[in-house]
There are 2 protein chains.
Amino acid sequence: MDNAPRKAPVTLHDVAREAGVSLATASRALNGSERKVHESYRTRVVAAAARLNYTPNLSAQAVAKGGTNTVALLVADIADPYFSSIAAGVIRASEEAGLVVTMAVTERSTARELELVRALRGQRPRVMILAGSRSSTESDQDALISELQAFEATGGRVVFVSQHELPFETVAIENAEGAKQLARDLVGLGYRRFAAITGSRTLLTARDRLNGFLEGLAESDIEIPEERIVATEFTRDGGFDGATTLLEQGLDDTELIFAVSDVMAVGALSALREAGIVPGEDIAVAGFDDIPTVRDVTPPLSTVHIPLEEVGRRAIAIALSTEGDTTDTAKTTDTTTVNATVNATVNTAVKTTVVLRDSTPSR
Amino acid sequence: MDNAPRKAPVTLHDVAREAGVSLATASRALNGSERKVHESYRTRVVAAAARLNYTPNLSAQAVAKGGTNTVALLVADIADPYFSSIAAGVIRASEEAGLVVTMAVTERSTARELELVRALRGQRPRVMILAGSRSSTESDQDALISELQAFEATGGRVVFVSQHELPFETVAIENAEGAKQLARDLVGLGYRRFAAITGSRTLLTARDRLNGFLEGLAESDIEIPEERIVATEFTRDGGFDGATTLLEQGLDDTELIFAVSDVMAVGALSALREAGIVPGEDIAVAGFDDIPTVRDVTPPLSTVHIPLEEVGRRAIAIALSTEGDTTDTAKTTDTTTVNATVNATVNTAVKTTVVLRDSTPSR
DNA sequence: CTGTTAGCGCTTTCAG
DNA sequence: CTGAAAGCGCTAACAG
């Protein structure tokens with residue numbers, strides 16, 4: 001157990017000495033944005049840095065410039081394809097913008113989320129992105145909001161994913177519209193009797209989708225009886241349980257089950273099959289999100305497509321484009337008024353499109 | 001576009017003044033590990049901090065103490081369930097240890113990986129975890145290795161996931177053993193004629209699994225004809241393509257297709273089905289990893305279970321337990337000799353277990 | 001353009 | 001136990 005001849009990391013100082021220039025010059029040559037260093041010096045410095053294998057200490061840079069190039073990303077569950085796809089978008093867009101992503105998972109708990117936001121604030125990130133459908137009720141909510149507002153007050157940007165109703169920028173997703181269109185299309189296919197599996201009704205996303213779906217049906221004077229709408233966990237197992245519950249109640253003449261998310265729909269599919277019911281034949285199933293795996297389940301699932309990675313990219317685009325204006329609570333009333341220079345589409349809702357597959361054959 | 005009354009963040013200084021104590025005392029009361037501050041002071045400081053909603057500036061702390069509490073995690077593709085599950089484990093374990101996780105995706109490119117490692121080194125992370133089966137050939141490999149060794153030389157820990165053959169600590173996974181056992185079990189089920197879909201043979205993980213499988217078959221004097229082994233991308237689409245290729249060649253009397261990863265197996269399943277072949281009936285399929293979705297495809301997939309989240313946790317456990325000893329290249333020859341105090345199981349390979357499901361009925 | 005010199009926010013000797 | 005002061009590595013005025 002020989003203990004550490006732990007070499008000290010190379011510092012800018014070392015590079016400067018090696019190159020025979022001053023600290024400042026070395027700094028300018030290596031990291032200072034504008035070109036203001038004589039070429040001969042610059043090359044010497046760069047060479048010295050390479051020779052010593054120098055890497056600037058980001059923390060030191062951060063403290064010196066009073067700001068980082070960090071994006072803090074909070075997701076409910078990184079193993080859930082919905083979030084991991086969004087995360088992929090956030091990470092890619094961040095890398096393209098030269099930002100480093102820091103990540104934390106909330107386990108779907110608002111309390112945990114609050115803790116994490118507090119902790120991550122210490123990073124002094126430039127942007128904080130919160131993706132993870134949260135309940136609109138919990139009391140921690142208020143604390144979360146004020147914590148985030150404090151963060152914004154110091155110049156940070158907060159962007160939520162699909163959380164209108166909160167006083168922050170958000171990547172809006174056409175949840176209601178998409179679900180409504182799905183309903184219309186399904187009715188067009190000949191379906192008339194529906195059941196639904198939804199998450200907690202306090203989950204904004206789940207609620208929006210369910211309501212949109214119901215509205216879509218209402219256009220054709222179709223309703224879903226109260227007992228045919230079951231609320232469960234917003235997960236694969238929740239979907240499984242929801243379908244099981246429906247089964248126990250007796251599906252009667254139900255023709256189609258709408259699950260408010262694909263992971264739930266996939267769970268439902270398995271529950272049905274285990275019960276000896278063939279989805280797509282005995283009963284139709286539709287989901288929402290269009291996560292990659294729905295192409296590979298049997299039958300392939302009809303759903304509403306969301307460009308998930310785009311959602312992630314959009315989040316950072318919004319953050320970056322609103323940087324600078326400190327309308328304190330950025331999204332005041334009609335303030336979709338972004339930085340004039342900004343691609344106007346950035347602040348419009350992400351489009352969703354219905355994708356009909358074999359799980360909802362026309363009848 | 002009113003510009004920023006950007007409040008300056010609260011500093012320790014502010015807290016100290018508010019509490020009427022010195023900077024040093026405030027520091028000790030809030031972050032200094034040991035209790036060496038009088039209770040009355042401590043409470044005043046804590047109260048002041050709360051009142052001002054103070055959050056320590058992590059960057060400043062890092063530069064002052066000359067080290068961070070950061071874990072840098074590199075994965076090939078965060079949207080892939082294999083990696084996102086591992087990431088979930090890394091993140092959870094890190095949070096439990098009070099570490100912040102920084103994440104980057106390599107897109108399966110060694111060049112990109114090298115870039116990222118360079119960039120992330122600037123963070124001065126305590127640990128760097130690289131998960132993402134890399135090819136054993138590419139030349140960037142050497143650069144990567146020396147970059148990582150430089151990182152270790154300054155006290156950082158590097159942990160790979162499933163990359164023996166590299167001069168670093170690694171979370172070993174029983175890839176070969178698992179595949180071998182799978183082969184045995186399948187033979188036990190009555191299968192005799194196999195085909196395989198594998199990733200590039202330079203991908204260590206893919207190679208280990210294929211070889212293990214072949215060895216398992218060899219024990220029963222079974223071989224897979226060369227043309228029945230197709231190498232494709234290590235992705236869902238790769239699996240799809242692989243099955244398609246096999247189909248074009250003619251499956252003849254092939255009874256079972258082994259794909260070296262579940263995502264590939266799932267893609268293969270879809271290719272077969274699209275070709276009108278019913279997996280589980282017309283032909284059996286088996287995968288490797290036991291990602292969550294394989295329970296929900298049809299038929300449920302036989303595979304080799306890896307406790308993916310555990311792999312992630314293990315990575316940080318190894319990193320933390322080896323901190324301190326700087327055997328320069330930690331894993332010299334037989335050096336499984338960890339810190340005496342460490343849970344010995346940390347450095348043993350992660351166990352895999354065969355899980356037989358309906359995709360491989362006994363015949 | 002280049003070098004000197006203050007800091008940035010926090011920790012940590014080193015005296016009191 | 002507490003406070004003053006010296007850094008940590010780097011940037012950013014400020015003079016030359």
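Residues numbered from 1 in each chain as written. Chains lettered and ligands numbered in written order. Predicted model: local features only at pLDDT ≥ 70, side-chain atom pairs only at ≥ 80, totals over all residues. Heavy atoms only, no water.

1. Description of helix H10 (residues 236-249) of chain B
All names here are of chain B. Threshold: Secondary structure elements follow DSSP: runs of H or I of four or more residues count as helices, runs of E of two or more count as strands, with numbering from the N terminus. Under the convention used throughout, the expected extent of a helix is 1.5 Å for every residue step, that is, one less than its residue count. Accessibility here uses a 1.4 Å probe with only protein chains present; expressed as a share of the type maximum, an area under 20% marks a residue as buried, one over 50% as exposed, and anything in between as partly exposed. It only takes one pair of heavy atoms within 4.5 Å for two residues to be counted as in contact.
Along its 14 residues, H10 runs 20 Å from first to last C-alpha, staying within 8% of the 20 Å computed at 1.5 Å per residue. Residues of H10 that are buried: Arg-236, Gly-238, Gly-239, Phe-240, Gly-242, Ala-243 and Leu-246. Where H10 is buried, its residues meet strand E6 (194-198), strand E7 (229-231), strand E8 (256-259) and helix H11 (262-274). Positioned one or two residues after H10, Gly-250 has a phi angle of 95°, which is positive.

2. Observations concerning the nonpolar core
To be explicit about the condition: Side-chain atoms within 4.5 Å link the members of a nonpolar core, which is a set of buried Ala, Val, Leu, Ile, Met, Phe, Trp, Tyr and Cys residues.
Grouped together as the largest cluster of nonpolar side chains are 162 residues, with contacts concentrated most on Ile-129, Phe-194 and Phe-213 of chain A together with Ile-129, Phe-194 and Phe-213 of chain B. Non-local contacts of Ile-129 of chain A, meaning those with residues more than four positions away in its chain, are made with Val-71, Ala-72, Leu-73, Leu-74, Val-90, Val-159, Val-161, Ala-315 and Ile-316 of chain A.

3. With respect to the protein's contact with DNA strand C
Where we set the bar: One heavy atom within 4 Å of a molecule or strand makes the whole residue count as near it. Think of a polar contact as two N or O atoms within 3.5 Å of one another; within protein, one of them needs to be a possible hydrogen donor and the other a possible acceptor, and neighboring residues in sequence only count if both atoms come from side chains. Residue type decides the class: Asp, Glu, Lys and Arg count as charged, Ala, Val, Leu, Ile, Met, Phe, Trp, Tyr, Cys and Pro as nonpolar, and the leftover types, Gly among them, as polar.
Looking at DNA strand C, there are 26 residues lining it, with Arg-28, His-38 and Tyr-41 of chain A together with Leu-12 and Tyr-54 of chain B nearest. Of all DNA strand C atoms lying within 4 Å of any protein atom, the proportion belonging to sugar or phosphate reaches 67%. Here a base oxygen of DNA strand C sits 3.2 Å away from a polar atom, N or O, in the main chain of Ala-64 of chain A. Between Asn-57 of chain B and DNA strand C, the recorded distance is 3.2 Å, taken from a backbone N or O atom to a phosphate oxygen. Broken down by element, the residue count for the surface near DNA strand C peaks at 5 residues, all from helix H4 (residues 58-65) of chain B. Split by residue class, the surface near DNA strand C holds 14 nonpolar, 8 polar and 4 charged.

4. What to know about the protein's contact with DNA strand D
Among the 26 residues in the neighbourhood of DNA strand D, the closest are listed as Leu-12 and Tyr-54 of chain A together with Thr-25, Arg-28 and Tyr-41 of chain B. Put simply, 69% of the atoms of DNA strand D that lie within 4 Å of the protein are in sugar or phosphate. Gln-61 of chain A is positioned with one of its side-chain polar atoms (N or O) 2.8 Å from a phosphate oxygen of DNA strand D. Here a phosphate oxygen of DNA strand D sits 2.7 Å away from a polar atom, N or O, in the main chain of His-38 of chain B. Ranked by residues supplied to the surface near DNA strand D, first place goes to helix H4 (residues 58-65) of chain A with 5 residues. Here the residues of the surface near DNA strand D sort into 14 nonpolar, 8 polar and 4 charged.

5. Some details on the sheet that holds strand E2 (residues 100-105) of chain B
The following threshold applies: A pair of strands is treated as paired once DSSP finds two or more bridges between them. Interaxial angle, 0 to 180 degrees, is taken between N-to-C directions of lines fitted to C-alpha atoms, where a helix line uses only the stretch in contact.
Taken together, the 10 strands give an open sheet; going across it, the order is E5(A)-E4(A)-E3(A)-E1(A)-E2(A)-E2(B)-E1(B)-E3(B)-E4(B)-E5(B), and neighbouring strands pair in mixed fashion. Sheet topology places strand E5 (169-171) of chain A together with strand E5 (169-171) of chain B at the edges, where each strand pairs with a single neighbour. For this sheet the average axis-to-axis angle between neighbouring strands, irrespective of direction, equals 25°. Here 3 bridges tie strand E2 (residues 100-105) of chain A to E2 of chain B, and the two strands are oriented antiparallel to one another. Residue pairing for E2 of chain B: Val-101 of chain A is matched across the bridge by Met-103 of chain B.

6. Quick word on the interface of chain B and chain A
As a reminder, the rule being used: For salt bridges, the criterion is a side-chain nitrogen of Lys or Arg within 4 Å of an Asp or Glu carboxyl oxygen.
Contact residues are listed per partner, giving 67 residues for chain B and 67 residues for chain A. For the pair chain B and chain A, the interface holds 6 salt bridges. Glu-95 of chain B serves as the salt-bridge partner of Arg-112 of chain A, at 2.5 Å between the closest nitrogen and oxygen. Taken together, the connections running from chain B to chain A amount to 23 residue pairs in polar contact (both at pLDDT 80 or more). Counting residues per element, the ones that place at least two in the side of chain B that touches chain A are H4, helix H5 (81-96), E2, helix H6 (110-121), helix H7 (140-153), H10 and H11 of chain B. Tallied by class, residues from the side of chain B that touches chain A come to 28 nonpolar, 21 polar and 18 charged.

7. Here's the deal with the packing of aromatic side chains
Let me state the cut-off plainly: Two rings from Phe, Tyr or Trp (for Trp, the six-membered ring) form a pair when their centres sit within 6.5 Å of each other. Planes less than 30 degrees apart are called stacked, planes more than 60 degrees apart edge-to-face, and all others tilted.
Tallied over the entire structure, the rule returns 8 aromatic pairs over all chains. Measuring from centroid to centroid gives 5.6 Å for Phe-160 of chain A and Phe-168 of chain A, while their planes differ by 35°, and the two rings are tilted. We note that Phe-160 of chain A, like Phe-168 of chain A, is buried. With centroids separated by 4.1 Å and ring planes inclined at 15°, the aromatic side chains of Phe-213 of chain B and Phe-258 of chain B adopt a geometry described as stacked.

8. Description of the relation of the copies chain B and chain A
Formally: To line up the copies, we fit them by least squares on C-alpha atoms, keeping just the residues with pLDDT of at least 70 in both.
Mapping chain B onto chain A leaves a residual RMSD of 0.1 Å; the transformation is a rotation of 180° accompanied by 0.0 Å of translation along its axis. Both copies of the chain, as the preceding transformation shows, are related through a two-fold rotation axis.

9. A short note on the pattern of salt bridges
Within the structure shown, the criterion is met by 50 salt bridges over all chains. The salt bridge partner of Arg-236 of chain B is Asp-296 of chain A, with a shortest N-O separation of 2.6 Å. With one member in each of two chains, Arg-236 of chain B in helix H10 and Asp-296 of chain A in the loop between strand E9 (284-286) and strand E10 (303-305) form a pair that bridges those chains. Its salt-bridge partner being Arg-112 of chain B, residue Glu-115 of chain B comes within 2.4 Å of it at the nearest N-O pair. In this pair, Glu-115 of chain B and Arg-112 of chain B are both assigned in helix H6, 3 residues apart and thus about one turn of the helix distant. A residue is classified by how much of its surface remains accessible, and Glu-115 of chain B, at 49% relative accessible area, is partly exposed. For Arg-112 of chain B, a relative accessible area of 21% translates into the label partly exposed. One salt-bridge network, in which partners are shared between bridges, spans Arg-92, Glu-96, Glu-309 and Arg-313 of chain A together with Glu-107 of chain B.

10. Brief notes about unusual backbone geometry
Geometrically, the link from Thr-298 of chain A to Pro-299 of chain A is a cis peptide bond, its omega value of -10° lying close to zero. Relative to the helices and strands, Pro-299 of chain A is located in the loop between E9 and E10. For Asp-290 of chain B, which is not glycine, the phi torsion reads 60° and is therefore positive. Inspection of the secondary structure puts Asp-290 of chain B in the loop between strand E9 (284-286) and strand E10 (303-305). Given the relative accessible area of 15%, Asp-290 of chain B is considered buried.

11. Here's the deal with the sheet that holds strand E7 (residues 229-231) of chain A
All names here are of chain A. With parallel pairing, the 4 strands of this open sheet are ordered in space as E7-E6-E8-E9. Lying at the two open borders of the sheet, with one neighbouring strand each, are E7 and E9. Each neighbouring strand pair of the sheet contributes to a mean axis angle of 15°, computed without reference to strand direction. Inspection of the sheet shows strand E6 (residues 194-198) paired to strand E8 (residues 256-259) by 4 bridges, in the parallel sense. Bridging across to E8, Ala-195 finds its partner in Ile-257.

12. Some details on the pairing of E6 of chain A
Residue and element names in this part refer to chain A. How we decide: Consider the strands pointing away from the viewer: the crossover is right-handed when the path from the first strand over the helix to the second runs clockwise.
Burial runs high along E6: 5 of the 5 residues are buried. Going residue by residue along E6, you find Phe-194, Ala-196 and Thr-198 tucked away on one face and Ala-195 and Ile-197 tucked away on the opposite face as well. Across 3 bridges, the pairing between E6 and E7 is parallel. Residue pairing across strands places Ile-197 opposite Val-230, the latter belonging to E7. Taken together, E6, helix H9 (residues 204-218) and E7 form a β-α-β motif whose crossover is right-handed.

13. Focus on H6 of chain B
In this model, H6 of chain B (12 residues) spans 16 Å end to end at C-alpha, consistent with the 16 Å of a helix rising 1.5 Å per residue. Packed against the buried residues of H6 of chain B are helix H5 (81-96) of chain A together with strand E1 (70-75), E2, strand E3 (127-131) and H7 of chain B. Among the residues of H6 of chain B, the N-terminal cap falls to Ser-109 of chain B, whose side-chain oxygen and the backbone nitrogen of Ala-111 of chain B are separated by 3.2 Å.

14. As for the side chain of Ser-85 of chain A
Residue position: Ser-85 of chain A is located in helix H5. For Ser-85 of chain A, a relative accessible area of 10% puts it in the buried group. Engagement of the side chain of Ser-85 of chain A in a polar contact is seen with the backbone oxygen of Pro-81 of chain A, the distance being 2.9 Å. Apart from the residues within four sequence positions on either side, Ser-85 of chain A is in contact with Pro-292, Leu-308 and Glu-309 of chain A together with Ala-79 of chain B.

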